[in-house]
There are 4 protein chains.
Amino acid sequence: MKIGIIGASGYGGVELYRILSLHPEVTEINVYTSGAEEIPYEKVYPHLYGKTTARLQPLNPEYIQNENDCIFLATPSGISARLTPQLHNEGIKIIDLSGDLRLKNPNQYTEWYKKVPAPETILSQAVYGLSELQAKQIKEGTILANPGCYPTATLLGLAPVVKENIVKPGSIIIDAKSGVSGAGRKPNLVTHFVEVQDNLSIYKVHEHQHIPEIEQQLHDWDSQIGAITFSTHLVPMTRGIMATIYVELKEDWGNYRLQELYEQFYAASPFVHIRTDGTFPSTKEVYGSNDCVISIKKDPRTNRLTIVSVIDNLMKGAAGQAVQNFNMMYGFKETTALDMFPLYP
Amino acid sequence: MKIGIIGASGYGGVELYRILSLHPEVTEINVYTSGAEEIPYEKVYPHLYGKTTARLQPLNPEYIQNENDCIFLATPSGISARLTPQLHNEGIKIIDLSGDLRLKNPNQYTEWYKKVPAPETILSQAVYGLSELQAKQIKEGTILANPGCYPTATLLGLAPVVKENIVKPGSIIIDAKSGVSGAGRKPNLVTHFVEVQDNLSIYKVHEHQHIPEIEQQLHDWDSQIGAITFSTHLVPMTRGIMATIYVELKEDWGNYRLQELYEQFYAASPFVHIRTDGTFPSTKEVYGSNDCVISIKKDPRTNRLTIVSVIDNLMKGAAGQAVQNFNMMYGFKETTALDMFPLYP
Amino acid sequence: MKIGIIGASGYGGVELYRILSLHPEVTEINVYTSGAEEIPYEKVYPHLYGKTTARLQPLNPEYIQNENDCIFLATPSGISARLTPQLHNEGIKIIDLSGDLRLKNPNQYTEWYKKVPAPETILSQAVYGLSELQAKQIKEGTILANPGCYPTATLLGLAPVVKENIVKPGSIIIDAKSGVSGAGRKPNLVTHFVEVQDNLSIYKVHEHQHIPEIEQQLHDWDSQIGAITFSTHLVPMTRGIMATIYVELKEDWGNYRLQELYEQFYAASPFVHIRTDGTFPSTKEVYGSNDCVISIKKDPRTNRLTIVSVIDNLMKGAAGQAVQNFNMMYGFKETTALDMFPLYP
Amino acid sequence: MKIGIIGASGYGGVELYRILSLHPEVTEINVYTSGAEEIPYEKVYPHLYGKTTARLQPLNPEYIQNENDCIFLATPSGISARLTPQLHNEGIKIIDLSGDLRLKNPNQYTEWYKKVPAPETILSQAVYGLSELQAKQIKEGTILANPGCYPTATLLGLAPVVKENIVKPGSIIIDAKSGVSGAGRKPNLVTHFVEVQDNLSIYKVHEHQHIPEIEQQLHDWDSQIGAITFSTHLVPMTRGIMATIYVELKEDWGNYRLQELYEQFYAASPFVHIRTDGTFPSTKEVYGSNDCVISIKKDPRTNRLTIVSVIDNLMKGAAGQAVQNFNMMYGFKETTALDMFPLYP
């Protein structure tokens with residue numbers, strides 16, 4: 001298969017390139033970026049120096065359609081809303097890593113992203129690709145909206161209890177923390193080493209655009225679930241997301257029963273690991289891998305349940321899950337090109 | 001004044017040494033540590049090389065009493081419970097930075113610390129030294145229990161609403177994050193650079209010994225407040241604590257009124273700064289200073305209030321607040337030796 | 001093939017485990033460590049949790065011989081000097097990642113390592129496995145002394161000019177810098193996060209045990225080369241080595257001719273990349289890969305040549321090169337299990 | 001005294017502000033930056049939030065002259081060459097932290113900085129302010145060229161042997177390493193957290209603009225000293241410079257005699273500390289202080305001398321030395337406002 005990656009100059013794009021290079025069914029990878037002239041990919045990413053002859057090509061939708069069987073969009077928000085209608089056709093499936101195709105309601109997109117939404121015809125075709133929970137739709141889809149990094153960690157952590165319908169409406173609080181690669185490669189003061197190093201900050205309090213994405217999916221699972229409280233923190237590390245989630249339960253389930261629920265829920269999922277020994281995961285345990293590790297613990301003093309879910313934001317939170325979805329869409333083994341240990345240390 | 005620092009080989013102890021060296025009323029600082037032999041302080045802390053002739057001396061309570069007017073204990077838990085009765089007398093005030101003298105109920109100490117508590121006669125004399133809120137007791141005290149790092153950030157963040165009696169009982173969730181210096185200088189796998197770097201972990205879920213300390217103080221302010229949910233995370237940075245606090249209110253106060261409450265509450269506190277411009281603090285903004293910076297924001301979607309409070313764990317969370325309390329106990333200006341900007345960047 | 005890894009609880013050992021798990025010719029990996037009882041590997045390395053059933057087994061040389069076709073020793077110095085004679089026989093090849101088998105002269109080992117050397121019969125059989133330069137010997141060897149991390153970066157950087165016999169004797173200065181994983185997993189003050197973070201230190205000045213290893217090999221290439229000056233620095237990063245090398249040339253070669261020499265020298269080496277565009281490599285460009293990247297530049301003002309060579313200390317500097325040598329010893333393709341891009345970012 | 005800081009939005013400027021705020025002879029600090037409108041200083045540096053009412057003012061030379069008794073320029077290169085002639089007069093002394101006034105030869109400035117040099121009348125008045133070695137000139141100067149960060153660490157390390165005239169001409173190699181704050185606050189890919197973290201890079205090989213500055217001073221001390229080899233590395237840390245210096249000696253001095261030379265040379269310098277116990281300094285030992293720590297060790301195997309010199313690039317390498325020079329120029333005690341321990345950890 002011939003694959004196109006649009007937005008290959010970003011961190012999500014180059015991570016797609018790394019994984020797809022390992023994929024036995026992929027015979028050609030074409031990389032595209034904004035900018036009028038072709039440049040060697042190794043000029044933009046020196047770690048590729050001498051190891052690839054790939055060249056970043058300008059964004060010409062017509063050419064891109066002709067050259068590729070499947071297209072990944074790893075672009076900033078606002079781009080794929082516009083590009084997807086030009087690129088998608090019977091022969092070409094689209095996997096979009098941006099937030100443009102995730103919200104079903106275009107008004108909600110406008111409200112949270114402050115940009116022009118994709119056409120409703122596109123939105124209605126787009127499948128929300130939380131791999132572990134949408135297998136059927138993903139297999140049938142031709143436009144895939146790859147979930148955001150925070151929503152992936154959060155929704156995988158919440159799915160078992162929310163789908164079991166035992167969460168008290170309005171009780172969900174998500175305290176999320178991310179490494180800096182989630183902020184993209186474009187330099188600004190927020191990603192300046194000297195400003196980030198030895199520093200922890202909180203941002204977009206109550207205003208993060210992943211809030212409606214999470215709520216949309218939770219509501220699909222439990223229409224009474226209500227609004228969430230969601231905070232995002234920037235941690236001085238390169239990769240990794242941890243979502244620490246607090247919920248109250250409608251039913252008086254104990255730790256044993258909850259543990260059983262989680263283990264069974266993900267028993268068939270190769271990438272989701274439920275800790276069974278009372279320990280909690282740290283983000284480095286999934287560094288460079290497509291895994292999600294989850295621990296749960298109910299506090300007998302407060303009856304509140306704490307759920308901890310970790311992923312690598314560039315892998316399960318972006319490129320890794322996108323390739324997992326690609327595998328599912330084309331009928332390849334789900335773990336193809338993703339079956340490696342994390343890089344540790 | 002002649003000051004003794006017991007536990008001067010730890011990070012809290014050497015931070016006391018740094019600050020007290022700037023104190024105009026302090027004429028002599030004696031440093032002590034466990035270990036049978038005297039050693040030059042600069043051998044243990046090379047940044048002092050050539051800048052001090054101080055020597056770490058063995059722990060001989062009798063000598064220590066004779067040589068000092070006031071004693072700071074910056075020891076691991078379990079030590080000052082035993083030492084304070086030997087050191088304290090009419091002439092010598094004790095300022096304890098460990099957790100040994102904070103909990104009024106010795107059984108609670110045993111339960112959470114798994115160690116032998118201090119005698120009740122000592123516990124009953126010990127004043128809990130949250131400087132901004134216990135001024136009267138601190139001025140009159142001769143044994144001071146300096147608050148923990150997490151409790152300081154948390155309690156300063158919660159005091160205005162809890163003392164106003166507008167917090168819904170049982171609704172408080174504290175998601176706390178700390179730099180690694182809070183784990184002490186003793187090497188172990190948890191503080192190994194390679195294990196911490198580029199990593200975020202959660203620890204002691206529902207089991208941190210600061211939980212009863214926070215609840216004891218909250219209960220003093222509002223006896224109906226109930227139990228808290230409290231999580232602690234280890235962030236790959238040297239200094240800094242951020243407490244992200246979520247509460248529900250009994251009363252329907254808006255952001256404007258809440259903001260006013262906070263600003264008035266701390267109007268006379270030189271070290272507590274309430275952000276008034278809608279921005280939130282990061283931990284590096286208080287690096288090396290005794291400040292606490294607080295921002296608040298109520299979410300109209302959920303009616304929940306988010307409070308963010310940051311401190312330097314070694315300063316306002318330990319040595320800085322201890323010197324602030326020392327100033328108050330001896331009638332010096334509260335900001336003496338603490339009146340400097342954070343080190344930024 | 002069945003592979004044994006002794007010292008699998010260390011960083012070099014777990015990196016071997018990661019790579020060998022990708023190796024198509026390896027059907028079984030057995031992991032061993034000191035300690036009397038078997039424990040699940042995932043208990044020691046939580047990033048393996050739920051992904052392997054491997055158990056760390058005690059060190060019983062007899063069993064180890066029976067269970068494996070080839071053995072990697074990733075042990076601290078002093079262990080394989082003793083174990084190799086017990087493990088090696090006609091059927092079992094040994095690949096030693098420690099420094100025990102590298103120095104041909106046992107007295108030199110005693111002098112620099114302060115430990116008991118391996119028997120001379122073992123030392124005389126051991127092949128020094130600098131993969132790019134010892135292909136013939138490696139293919140024929142049954143005991144392989146895998147080069148140290150600093151020597152690998154240094155020798156690959158120096159080989160072209162030293163083998164060309166154009167370096168002025170006694171003129172070589174190597175200013176080397178390493179990430180912290182090179183110091184091993186055993187916790188001590190030198191690897192404590194708080195002591196390393198935001199810190200750069202120099203250690204073992206003129207006394208590093210890699211000095212005789214480098215000189216032994218250089219002397220093999222040019223017997224007049226003389227002694228080197230060698231400094232090692234600890235950089236606050238997890239992985240990576242950079243050797244900045246300064247040499248004076250006997251001949252007046254210009255940059256163009258030198259560049260040509262380097263490019264031709266490594267033209268057939270899949271892992272060594274010579275920069276041809278005037279830029280210099282950084283360590284992150286080889287993060288997690290078996291590559292070595294080299295840039296050179298002669299200064300017309302001083303006539304001195306600066307050579308910069310970077311590797312990942314756990315890969316090309318340890319486990320990666322060991323697997324490369326394994327491939328060569330058994331006749332597999334040199335790049336098997338190593339043919340991946342670096343993890344970036 | 002009323003002090004003006006031009007370029008107060010940069011890291012050097014805000015560090016000047018921190019120190020001068022502690023200075024008992026400074027009654028007023030005015031801060032200036034490019035940009036047409038006044039803004040509160042705390043908007044640019046949130047760690048100042050609520051702690052200062054200072055406002056960054058536009059650059060109006062006439063006003064600046066009227067409002068201040070002494071002016072510090074902490075501007076990028078190219079600015080003070082133009083501003084100094086406008087600001088300097090009988091009443092106003094200038095302390096320039098940029099590179100504009102350091103090179104006596106304007107052609108050399110043009111060659112290395114690629115910018116328009118300052119007028120020769122200004123250059124001829126400018127005193128190169130290496131505090132420990134130019135005391136007399138500094139006291140008499142009215143225009144002070146504050147040394148660069150690399151030159152300060154390097155020259156303090158080399159001064160004793162070069163002034164003693166025992167260094168072999170052309171033998172000096174300086175391998176220098178810096179934290180990222182030296183690259184300034186303007187965001188770009190080189191200072192992006194994700195690109196710097198866990199990474200070590202080398203830059204401006206043989207081309208750094210500090211080369212002529214170092215050589216000019218060395219030549220003043222020993223006109224035969226010749227050209228230097230000088231390399232600069234970017235280390236993933238906020239502050240700190242280490243210069244590892246290699247020299248050959250003309251005379252056969254041993255370690256004991258060299259040690260004695262260094263100790264005597266700096267016996268009267270409050271900020272320069274020579275290690276006497278065989279240990280070497282790390283950069284964190286001078287974090288936030290004006291100290292320079294130096295260790296030396298001659299290698300009996302090569303007869304080469306290794307000198308290690310560390311400073312905080314923002315303090316002794318910029319703002320700290322500038323205030324030290326200010327103290328000397330105005331007859332204040334040399335250590336005023338600088339007499340504090342480093343911040344450790």
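Residues numbered from 1 in each chain as written. Chains lettered and ligands numbered in written order. Predicted model: local features only at pLDDT ≥ 70, side-chain atom pairs only at ≥ 80, totals over all residues. Heavy atoms only, no water.

Caption draft 1: Region of interest: the overall build of chain A. Scanning chain A from N- to C-terminus turns up 12 helices and 15 strands. Taken over C-alpha atoms, the radius of gyration comes to 20 Å for chain A, in line with the 20 Å a tight globule of 345 residues would show. Expressed along its principal axes, the backbone C-alpha trace of chain A runs to roughly 60 × 45 × 40 Å. Taken across its 345 residues, chain A has 66% of its residues classed as buried. Taking contacts inside chain A between residues at least 6 apart in sequence as the whole, the part at least 24 apart equals 71%. (Helix = DSSP H or I, 4+ residues; strand = E, 2+ residues; numbered from the N terminus. Rg over C-alpha atoms; globule rule 2.2 N^0.38 Å. Buried < 20%, exposed > 50% of the residue type's maximum accessible area, 1.4 Å probe, protein only. Contact = heavy atoms within 4.5 Å.)

Caption draft 2: Quick peek at the interface of chain B and chain A. Contacts between the two partners involve 50 residues from chain B and, on the opposite side, 50 residues from chain A. For the pair chain B and chain A, the summed buried area comes to about 4100 Å², and 52% of that belongs to carbon and sulfur atoms. On the surface where chain B and chain A come into contact, there are six salt bridges. Counting across the interface, chain B meets chain A through 42 residue pairs in polar contact (both at pLDDT 80 or more). For the side of chain B that touches chain A, the secondary-structure elements that each account for two or more residues are β9 (173-178), α9 (193-196), β10 (201-203), α10 (210-221), β11 (229-234), β12 (241-248), β14 (292-298) and β15 (304-311) of chain B. Element by element, the count of residues in the side of chain B that touches chain A is highest for β9 of chain B, at four residues. In the side of chain B that touches chain A, the residues fall into 22 nonpolar, 15 polar and 13 charged. (Buried area = accessible area lost by both parts, 1.4 Å probe. Salt bridge = Lys/Arg side-chain N within 4 Å of Asp/Glu carboxyl O. Polar contact = N/O pair within 3.5 Å; in protein donor to acceptor, adjacent residues only side chain to side chain. Nonpolar A, V, L, I, M, F, W, Y, C, P; charged D, E, K, R; others polar.)

Caption draft 3: Spotlight on the sheet that holds strand β12 (residues 241-248) of chain D. Residue and element names in this part refer to chain D. Sheet architecture is open: seven strands sit in the order β10-β11-β9-β12-β15-β14-β13, paired in mixed fashion. The outermost strands of the open sheet, each flanked by one partner alone, are β10 (201-203) and β13 (272-274). The mean angle between the axes of side-by-side strands here comes to 20 degrees, regardless of whether they run parallel or antiparallel. In the packing of helix α11 (residues 255-265) onto the sheet, the strands contacted are β13, β14 (292-298) and β15 (304-311), and the crossing angle to β14 comes to about 160 degrees. (Pairing = 2+ DSSP bridges. Axes fitted to C-alpha atoms, helices over the stretch in contact; angles between N-to-C directions.)

Caption draft 4: Quick look at the sheet that holds strand β13 (residues 272-274) of chain A. Residues and elements named next belong to chain A. An order of β10-β11-β9-β12-β15-β14-β13 is seen for the seven strands of this open sheet, with the pairing classed as mixed. A strand with exactly one partner marks an edge of an open sheet, and here the two such strands are β10 (201-203) and β13. Across the sheet, the mean angle separating the axes of adjacent strands is 20 degrees when strand polarity is ignored.

Caption draft 5: Broad picture of the interface of chain D and chain C. Tallying the contact residues gives 50 residues for chain D and 50 residues for chain C. Summed over both partners, the interface of chain D with chain C buries about 4100 Å², with 53% contributed by carbon and sulfur atoms. When residues of chain D are sorted by the area they lose upon contact with chain C, Asp198, Leu200 and Arg301 of chain D head the list and together hold 17% of the total. Our count for the chain D to chain C interface comes out at six salt bridges. Measuring nitrogen to oxygen at the nearest pair gives 3.0 Å for the salt bridge that ties lysine 177 of chain D to aspartate 175 of chain C. In this assembly, chain D and chain C are joined by 42 residue pairs in polar contact (both at pLDDT 80 or more). Only β9 (173-178), α9 (193-196), β10, α10 (210-221), β11 (229-234), β12, β14 and β15 of chain D provide two or more residues apiece to the side of chain D that touches chain C.

Caption draft 6: The arrangement of the packing of helix α1 (residues 11-20) of chain C against helix α12 (residues 315-330) of chain C in detail. Residue and element names in this part refer to chain C. Their axes nearest at 9 Å, the elements α1 and α12 cross at an angle of 45 degrees. Considering their axes alone, α1 and α12 lie oblique with respect to each other. Crossing of α1 over α12 shows right-handed handedness. Residues Gly12, Glu15, Leu16, Arg18, Ile19 and Leu20 of α1 pack against Met315, Ala319, Gly320, Ala322, Val323 and Phe326 of α12. (Parallel < 35°, antiparallel > 145°, perpendicular 65-115°, else oblique. Left-handed = near helix turned anticlockwise from the far one by under 90°.)

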